[in-house]
2 protein chains.
Amino acid sequence: MPLVNGREDDKLSIHDRGLHYGDGLFETIAIRDGKLPVLWDRHMARLRLGCQRLGILPVDDELLREEATLCIQAVTDGVLKIIISRGVSGRGYRAPSAGDVTRILTTYPASTYPASYRDDGIVMRVCRTRLGCNETLAGIKHLNRLEQVLARVEWTDPEIIEGVMLDSDENVIEGTMTNLFFVDSGGLKTPDISQCGVAGVLREWIINIATENAMRCEIGRYTLQELEQADEIFVCNSVIGVWPVRQLGHRIYRKGPVTERIARWLVF
Amino acid sequence: MPLVNGREDDKLSIHDRGLHYGDGLFETIAIRDGKLPVLWDRHMARLRLGCQRLGILPVDDELLREEATLCIQAVTDGVLKIIISRGVSGRGYRAPSAGDVTRILTTYPASTYPASYRDDGIVMRVCRTRLGCNETLAGIKHLNRLEQVLARVEWTDPEIIEGVMLDSDENVIEGTMTNLFFVDSGGLKTPDISQCGVAGVLREWIINIATENAMRCEIGRYTLQELEQADEIFVCNSVIGVWPVRQLGHRIYRKGPVTERIARWLVF
């Protein structure tokens, strides 16, 4: 059941700064077997970082865990979305110094993507919409998502599942809803997200587990050409897991051994 | 009284895309003597442009006028805020192809800025937060306003009233809540806002009236140094009117004849 500030509700004040300015953060969390996921702590860590960056009072972890547990009580498999905003204020960009933050928790049905996305891979395109750079906003999952919305409306072809987004300096950054990895000479590479992009919790998990397993994993700035010339490409997020990319533009990619190895690790 | 989709209400669905992604637009409109302002048509034109840019179905002008008239019926002097969002949708950036847009209208008390801001001018600073560039989002008043929120929290000194914002290429663009003009050799200059920034309705009105009165008005790309070396600087928006800048950083400016002339034109 949806909760707004701990109470069952599906309505929000029209004076909330989440609406007026996108002045807040969100997390999208996979629920399987009616339980909060293994990656819960990583979601909470990113949310705390986001609050710190925006100067929003951090929400108590235990309170959020209790509310999340209540919110998903009738859900076996689905998606929990948590929105934290700076709360209600009067008019003006100036943030109230000690306002009450707003907590919104709601669930969605589990995504029904075909198994072929995971097994055989997806077709991807390159988006025209560019990501603006801002160190304060980079990495965190804030509510200003028009760049992603604009990127996603660029195509209607149902065969195309995801789009690569570049930043305003033409560096490859991420997918519209996923992070991006590629394989070059057997080593993993993933774009630096210190200037823009989202620090996906599964991205972080993959970087860690690759490192633990002595797989080379480089975080850097890459051009579209470098991505296109990869041996393997995959996208990931904590809800979908890992999807190999079998086609980017006109180029065809195999589901290679590195992607398969990482996908096998991902059993939680 | 606040209206949501034409009905008296101060609550909104937690599934509205205005909240989730900032997927919408707003207008902030001065109400004086209980009437919609002379600049109403310009506000509506910008709102239509915003809908077009975001691919949101445009809202009927007459309907909005009726709802605005109803919303301000108990207001003599104040501010009307109109928010238009793409409406309610399920999870995901992908925009629903034919959803119902959400209309939110609410009023705020008139701003109570000291007359000295208008008469003697304000103190301004330069913000560290940069504006990202995106041609589709430039000019329109969309709901992704974290850059402005971050810029506005940079200072707490109550003597400083507004901040200059530059874009990621270090061009001067605007104030956090105002547009910016400066005077150089008797001519008016205002930053180009084709890559980022808001196309303020009063900015447009000033450009037009200056041109009609054979005052030189140049729209261009300007550095902070060019702004600092100006003979006069002023900021404007449709709610506050025109405020001369008497200090930017450590430099002092006079309220000069060009600013005074424009302020005199602004009697509606």
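Analysis parameters
Residues numbered from 1 in each chain as written. Chains lettered and ligands numbered in written order. Predicted model: local features only at pLDDT ≥ 70, side-chain atom pairs only at ≥ 80, totals over all residues. Domains from an automatic or database assignment. Contact = placed C-beta atoms within 7 Å. Nonpolar A, V, L, I, M, F, W, Y, C, P; charged D, E, K, R; others polar. Least-squares fit on C-alpha atoms with pLDDT ≥ 70 in both. Helix = DSSP H or I, 4+ residues; strand = E, 2+ residues; numbered from the N terminus. Axes fitted to C-alpha atoms, helices over the stretch in contact; angles between N-to-C directions. Left-handed = near helix turned anticlockwise from the far one by under 90°.

Below, the discussion takes up the domain arrangement of chain A. Residue and element names in this part refer to chain A. Its domain assignment divides chain A into domain 1 (3-109) and domain 2 (115-265). Here the C-alpha centroids of domain 1 and domain 2 sit 25 Å apart. Tallying the contact residues gives 18 residues for domain 1 and 12 residues for domain 2. The residue makeup of the side of domain 1 that touches domain 2, split by class, is 8 nonpolar, 6 polar and 4 charged.

A word on the relation of the copies chain B and chain A. For the pair chain B and chain A, the relating rotation is 180°, the translation along its axis is 0.0 Å, and the fit reaches an RMSD of 0.0 Å. The symmetry that links the two subunits is that of a two-fold axis. In this assembly the copies share their binding face: 100% of the residues contributing to the interface of chain B also contribute to that of chain A.

All names here are of chain B. Note that V245 resides in strand β14 (residues 241-248). Note: C-alpha distance between V245 and V235 (10 residues apart in sequence) is 7.1 Å. What V245 contacts, discounting residues up to four positions off in sequence, is G121, I122, M124, I233, F234, V235 and Y253.

All names here are of chain B. In contact at an axis separation of 9 Å, helix α2 (residues 40-54) and helix α6 (residues 201-212) are set at 115° when each is read in the N-to-C sense. Crossing angle aside, the handedness with which α2 passes α6 is right-handed. When α2 is examined against α6, the residues R42, H43 and R46 are found in contact with a partner set consisting of V201, E204 and W205. Looking at the contact of α2 with α6 residue by residue, the classes come out as 2 nonpolar, 1 polar and 3 charged.

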